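Summary of the model geometry
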Amino acid sequence: MKAGVQRPQVYTFLEMMNDLGLRLTYPEVRFESRYSEIMPSDAELDTKFSERVALRVPIVSAAMDTVTEADMAIALAEYGGIGVIHRGLTPKAQASAVDRVKHRQNGLIENPITVPETWSVTQLQSLRREKGYLFHRFPVLDGAGKLVGLVTRKDLDVCEDEHVSVSKIMTVAEDLETAPKGIGKREAYERMRNCKRESLPLINKDGTLAGLYLFEDLKRILLGHSTANVDSNDQLRVAAAVGTSEAEMERVALLLEKKCDVIVIDTAHGHTQSMRLMIEAIRREFGDVEIVAGNVSDPEAAVALANWGANGIKVGQGPGSICTTRVVAGIGVPQVSAVGNCARALREAGFERIPVIADGGMENSGDLVIALSFGASCGMFGGMLAGTDEAPGEIVYDPELKQVKKYRGMGSLSAMRDSRAARERYGQQDRAVQKLVAEGVEARVPYKGKVTLVLDKLSGGLRQGMGYLGARTIGELLHQARPFRVSPVGMRESGVHGVQAVAE
Ligand code: IMP
């Protein structure tokens, strides 16, 4: 039977469970394997984060202050996913993190950061520190905006006296290879290759700077087998979280100014009047920008967000590893049912173009296979990505776990004490500190090294699952999966049992 012809068995299963008043979560659900002509390496992992923002792997990093700032977002986008920069940062700092991601790799840099020829090297270095620029290449302009030279890493490395003017250490314009405005990527690349230059400034007819190409970037874009998730200008894609208060419009403006690809309206309860007003306000002020909204966990709420104009819907209330919402407030639907019911309701209401993001509660790659098979387009991860090099925070020594990093819920007492945004996420912005009600804990997770190690395991496990299910694409998973509920003894059998494992 060709994929898509029959009603997905997942839907029948969900209905059966719903009728019994049961809602299920990851360890309770598994699939039969299917006849397959798909090898894990054949599986295609392309999917969507929001209506018009694609992903090359279905992995998103959570908008949490111990998970996603610029380093994590860069790593995720380079891998093919996307990171959501958290909103515990000030609007300016969050926008500058977005800027860092966007400038990590460029096709044509239309507005390169330049310095005036009157500046000293000290001034340039303080600008780099202040803005967190990781690059070292700065075109130098005269008062009329004309290119007079270029400062590179080498110039800065060999400079012993930072009080001198940048014009003393730069390569002067006459010795640079330049090209007229309008030259394409391929031609620019060949030119730099032929004359062994690392960059190519573009010049307008009047001598002013029109842009800059970088050899390494063009090489990666034109020749590499890059899996990076990039926009139409070959820059990495990035998302950022905002709240629902009126003051947050300034944050949205700053983020969009820095070319943030997706605005994620991030609240613990997304089916609210303030969410509707925020979506409407963003549409009114900024038009057709990509908005992901959440979180919700029931079909009525998911369809409401779609009707209000969200381009992607984040599902998950209470499944997070650090989350205590279910204990504290008695609220939230076990995650597999939440994802499945929301995705199905959206499809049945004619919103199949709007992706569901399964947010929280996944502890291994099998959980991602389950979320996607129940209709999610991608998964958002906090705990699994925390503890990596790219997550914010220091590695500390713990006598039991050895090296650990902090991972805390945005609704933990410490996060709410530190940040108004965290209080606002849980609707407690007006509460005195001693009256805050925590909906999350502060935790530590083992140090895990580079995040690509975790991402390889997640995407590798997903490929295995797609091979077992005979699904070539993420979309086919929904049609191939034959789910069943696992009994408690079945769950025991699913894990390692009766032995003491000594290695993975
Ligand atoms: P994890 O991947 O299971 O660790 O879950 C991460 C997700 O938990 C995040 O993306 C948020 O949606 C959610 N979350 C973050 N902080 C809290 C909290 O303090 N309480 C409840 N949920 C939280």
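About the criteria used
- Residues numbered from 1 in each chain as written.
- Predicted model: local features only at pLDDT ≥ 70, side-chain atom pairs only at ≥ 80, totals over all residues.
- Heavy atoms only, no water.
- Helix = DSSP H or I, 4+ residues; strand = E, 2+ residues; numbered from the N terminus.
- Rg over C-alpha atoms; globule rule 2.2 N^0.38 Å.
- Buried < 20%, exposed > 50% of the residue type's maximum accessible area, 1.4 Å probe, protein only.
- Contact = heavy atoms within 4.5 Å.
- Areas by Shrake-Rupley, 256 points an atom, 1.4 Å probe, with all protein chains shown as cover.
- Lys, Arg positive; Asp, Glu negative; His and termini not counted.
- Charge placed at Lys NZ, Arg CZ, Asp CG, Glu CD.
- Salt bridge = Lys/Arg side-chain N within 4 Å of Asp/Glu carboxyl O.
- Pairing = 2+ DSSP bridges.
- Right-handed = clockwise from strand over helix to strand, strands pointing away.
- Domains from an automatic or database assignment.
- Buried area = accessible area lost by both parts, 1.4 Å probe.
- Polar contact = N/O pair within 3.5 Å; in protein donor to acceptor, adjacent residues only side chain to side chain.
- Nonpolar A, V, L, I, M, F, W, Y, C, P; charged D, E, K, R; others polar.
- 1 Å grid on protein atoms, 1.4 Å probe; cavity = no way out; pocket = protein on both sides within 12 Å on 5 of 7 lines; lining within 4 Å.
- Points joined across faces, edges and corners; volume = space filled by probe spheres on them.
- Axes fitted to C-alpha atoms, helices over the stretch in contact; angles between N-to-C directions.
- Parallel < 35°, antiparallel > 145°, perpendicular 65-115°, else oblique.
- Left-handed = near helix turned anticlockwise from the far one by under 90°.

1. What to know about the overall build of the protein chain
Of the regular secondary structure elements, the protein chain holds 19 helices and 22 strands. Relative to the globule expectation of 23 Å for 504 residues, the C-alpha radius of gyration of the protein chain, 25 Å, shows essentially globular dimensions. Its C-alpha atoms put the protein chain at 80 × 60 × 55 Å along the principal axes. Out of the 504 residues belonging to the protein chain, those deemed buried represent 53%. Put simply, 66% of the contacts in the protein chain that link residues at least 6 apart link residues at least 24 apart. Carbon together with sulfur atoms contributes 50% to the accessible area of the protein chain, which is approximately 23,400 Å² in total. One way to put it: in the protein chain the 62 positive side-chain charges average out to a point 1 Å from where the 65 negative ones average out.

2. Overview of the pattern of salt bridges
Within this structure, the stated rule accounts for 31 salt bridges. Residues Asp 231 and Lys 102 are paired through a salt bridge, measuring 2.9 Å at the closest nitrogen-oxygen approach. Of this pair, Asp 231 sits in the loop between helix H8 (215-222) and strand S13 (239-242) while Lys 102 sits in helix H3 (residues 91-102), placing them 129 residues apart in sequence. For the pair shown, Asp 231 and Lys 102 are each scored as buried. With a shortest N-O distance of 2.7 Å, Asp 398 and Arg 444 are connected by a salt bridge. With a gap of 46 residues between them, Asp 398 in strand S19 (residues 395-398) and Arg 444 in strand S21 (residues 442-446) connect regions that are remote in the sequence. Classification of Asp 398 by relative accessible area gives buried; the value is 10%. Judged by relative accessible area, which is 46%, Arg 444 ranks as partly exposed. Salt bridges here are not isolated pairs; linked through shared partners, they connect Arg 87, Asp 266, Lys 314, Asp 359, Glu 424 and Arg 425.

3. Quick word on the pairing of strand S14 (residues 262-266)
In terms of burial, S14 is a largely internal element, five of the five residues being buried. Judged by which residues are buried, S14 turns out to be covered on both faces: Val 262, Val 264 and Asp 266 on one side and Ile 263 and Ile 265 on the other are all buried. Pairing of S13 with S14 involves four bridges; the strand directions are parallel. The partner of Ala 240 across the bridge, within S14, is Ile 263. Across five bridges, the pairing between S14 and strand S15 (residues 290-296) is parallel. Paired with Val 264 across the bridge in S15 is Val 292. In this fold, S14 hands off to helix H10 (residues 273-286), which returns the chain to S15; that crossover is right-handed.

4. Looking at the domain arrangement of the protein chain
One frequent convention defines the size of an interface as the accessible area lost when the parts assemble. Partitioning the protein chain into domains gives domain 1 (9-104 + 230-490) and domain 2 (110-216). A straight line from the C-alpha centre of domain 1 to that of domain 2 covers 39 Å. Listed per partner, the contact involves four residues of domain 1 and five residues of domain 2. Area buried by domain 1 at its contact with domain 2 is led by Arg 100, His 103 and Asp 234, which between them contribute 63% of it. Our count for the contact surface shared by domain 1 and domain 2 stands at one salt bridge. Where domain 1 packs against domain 2, one counts one residue pair in polar contact (both at pLDDT 80 or more). Of the residues belonging to the side of domain 1 that touches domain 2, the class tally is no nonpolar, one polar and three charged.

5. So, the layout of surface pockets
Gaps left between atoms are located by rolling a probe of water-molecule size over the structure's atoms. Computed from the structure, the second largest pocket encloses a volume of approximately 1,000 Å³. Broken down by secondary-structure element, the contributors of at least two residues to the lining of the second largest pocket are H3, helix H5 (153-158), strand S11 (199-203), strand S12 (209-214) and H8. Per element, the largest residue contribution to the lining of the second largest pocket is four residues, and it comes from H8. Residues belonging to the lining of the second largest pocket are distributed by class as follows: 14 nonpolar, seven polar and 14 charged.

6. Structural notes on the sheet that holds strand S8 (residues 147-151)
Backbone-to-backbone hydrogen bonds pair the strands of a sheet. The strands run either parallel or antiparallel. Taken together, four strands build an open sheet; the order of strands is S6-S7-S8-S9 and the sheet is mixed. For this open sheet the edge positions go to strand S6 (115-116) and strand S9 (171-172), each flanked by a neighbour on one side alone. Here helix H4 (residues 121-131) sits on the sheet in contact with S6, strand S7 (138-141) and S8, set at roughly 135 degrees to S7.

7. What to know about the packing of helix H7 (residues 185-194) against H8
Axis separation between H7 and H8 bottoms out at 10 Å; the angle between their running directions is 125 degrees. Between H7 and H8, the angle is such that the two are oblique. Where H7 crosses over H8, the two elements pack in a sense that is left-handed. Side by side, H7 and H8 meet where Lys 185, Arg 186, Ala 188, Tyr 189, Met 192 and Arg 193 of the first sit next to Phe 215, Leu 218, Lys 219 and Leu 222 of the second. Looking at the contact of H7 with H8 residue by residue, the class counts come to six nonpolar, no polar and four charged.

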